[in-house]
Protein chains: 2
Amino acid sequence: MLTISLASPVPIHDQLVAGLRGLIAAGQLAEGDELPPVRQLAADLGINLNTVARAYRELTDAGLLASARGRGTIVIATVERASGPKAEERKRIEASIAAALGDAKLAGLTREAAESMAARQIERLWKHV
Amino acid sequence: MLTISLASPVPIHDQLVAGLRGLIAAGQLAEGDELPPVRQLAADLGINLNTVARAYRELTDAGLLASARGRGTIVIATVERASGPKAEERKRIEASIAAALGDAKLAGLTREAAESMAARQIERLWKHV
DNA sequence: GACATTGTCGCAGAGTATGATACAATAGCC
DNA sequence: GGCTATTGTATCATACTCTGCGACAATGTC
């Protein structure tokens, strides 16, 4: 369900956060779903439990998860929000999209290939809405 | 032409690399163009010259720039490549696009807003081709 | 040849990521 | 009610990375 790369320059807990956010955004993790205990997920991935705990905590702080000792961690994301993001956040988001697509172009992707990639991801992400 | 955020968790040199790649990918920096000296760009951005030098070096290693003592740094990118990227790289690229769009959805963006953002960036990036 | 310009190298301090270990709170069972 | 297992949290140590300061090396200009 989740894969991480120990060789990647991006921190493991960031990879976890991104992966979990992706699962939640795509609807594969819905509100109320339980996440594996930190020890189990850490063992499955071959990393330290603190690293998993940190990812859970960051998502908890972001309001996507809820954790409690002895009870575990569940998804409390309410993806649908009344109003869209603020202008500042929109700018940040568009910058990250621009960076990803800019990378794609530098890698030699054609415009058509990039369009199809973006379309496929949008389709996948908003499918469950 | 370039903006960086000292408060951001992503390293300054990575921001520079991403920004420069973006400018090159968008065609605002073309083959043969000279980049500002490391000291000047560092002063403009309020950072250390080594940080700029590192960004230049990484892009040099990536084959986008060429540096020489006393002469400066120029763009040698040849964006158009004979064959598209390998499957592995395509996978990495699509993952970064998916992450950016997943973030967009979690932030509350509608599907239509995401589509328009992606389309606008693709238009901007591939305009000069 | 002297000087300015430009990129590069070595080192140090600060901060961060990751991990080992111990602690605290909840649930389940007798 | 008490014991045990389960689960998240806190503390500390180690290694690594980022950033910056200073010095060096190569090129261009006069």
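Rules behind the numbers
- Residues numbered from 1 in each chain as written.
- Chains lettered and ligands numbered in written order.
- Predicted model: local features only at pLDDT ≥ 70, side-chain atom pairs only at ≥ 80, totals over all residues.
- Heavy atoms only, no water.
- Contact = heavy atoms within 4.5 Å.
- Buried area = accessible area lost by both parts, 1.4 Å probe.
- Salt bridge = Lys/Arg side-chain N within 4 Å of Asp/Glu carboxyl O.
- Polar contact = N/O pair within 3.5 Å; in protein donor to acceptor, adjacent residues only side chain to side chain.
- Helix = DSSP H or I, 4+ residues; strand = E, 2+ residues; numbered from the N terminus.
- Axes fitted to C-alpha atoms, helices over the stretch in contact; angles between N-to-C directions.
- Parallel < 35°, antiparallel > 145°, perpendicular 65-115°, else oblique.
- Left-handed = near helix turned anticlockwise from the far one by under 90°.
- Nonpolar A, V, L, I, M, F, W, Y, C, P; charged D, E, K, R; others polar.

> I would appreciate a short explanation of the interface of chain A and chain B in the present structure.
When the parts come together, some accessible area is lost, and that loss is often what is quoted as the size of the interface. Facing 41 residues of chain A, the contacting portion of chain B comprises 41 residues. Where chain A abuts chain B, roughly 4,300 Å² becomes buried across the two surfaces, and 67% of that area is made up of carbon and sulfur atoms. Together, Lys105(A), Leu106(A) and Trp126(A) form the three largest contributors to the area buried by chain A at its contact with chain B, with a combined 20%. Between the two partners, chain A and chain B, sit eight salt bridges. Among the ionic pairs, Asp103(A) bridges to Arg92(B), the shortest N-O distance being 3.2 Å. On the surface where chain A and chain B come into contact, there are 16 residue pairs in polar contact (both at pLDDT 80 or more). Contributions of two or more residues to the side of chain A that touches chain B are made by helix 1 (12-25), helix 4 (87-106) and helix 5 (111-125) of chain A. When residues in the side of chain A that touches chain B are grouped by element, the largest group, 15 residues, is from helix 4 of chain A.

> Got a minute to help me understand the packing of helix 4 of chain A against helix 5 (residues 111-125) of chain B in this structure?
Each pair of packed helices can be summarised by the angle the axes make with each other and by the distance between the axes. Two elements in contact, helix 4 of chain A and helix 5 of chain B, have axes separated by 9 Å at closest approach and are oriented at 45 degrees. On the basis of their axis angle, the class for helix 4 of chain A and helix 5 of chain B is oblique. For the crossing formed where helix 4 of chain A meets helix 5 of chain B, the hand is right-handed. On the side of helix 4 of chain A, the interface is formed by Arg90(A), Ile93(A), Glu94(A), Ile97(A), Ala98(A), Leu101(A), Gly102(A) and Lys105(A), while helix 5 of chain B contributes Ala113(B), Met117(B), Ala118(B), Arg120(B), Gln121(B), Ile122(B), Arg124(B) and Leu125(B). Residue composition of the contact of helix 4 of chain A with helix 5 of chain B, grouped by class: nine nonpolar, two polar and five charged.

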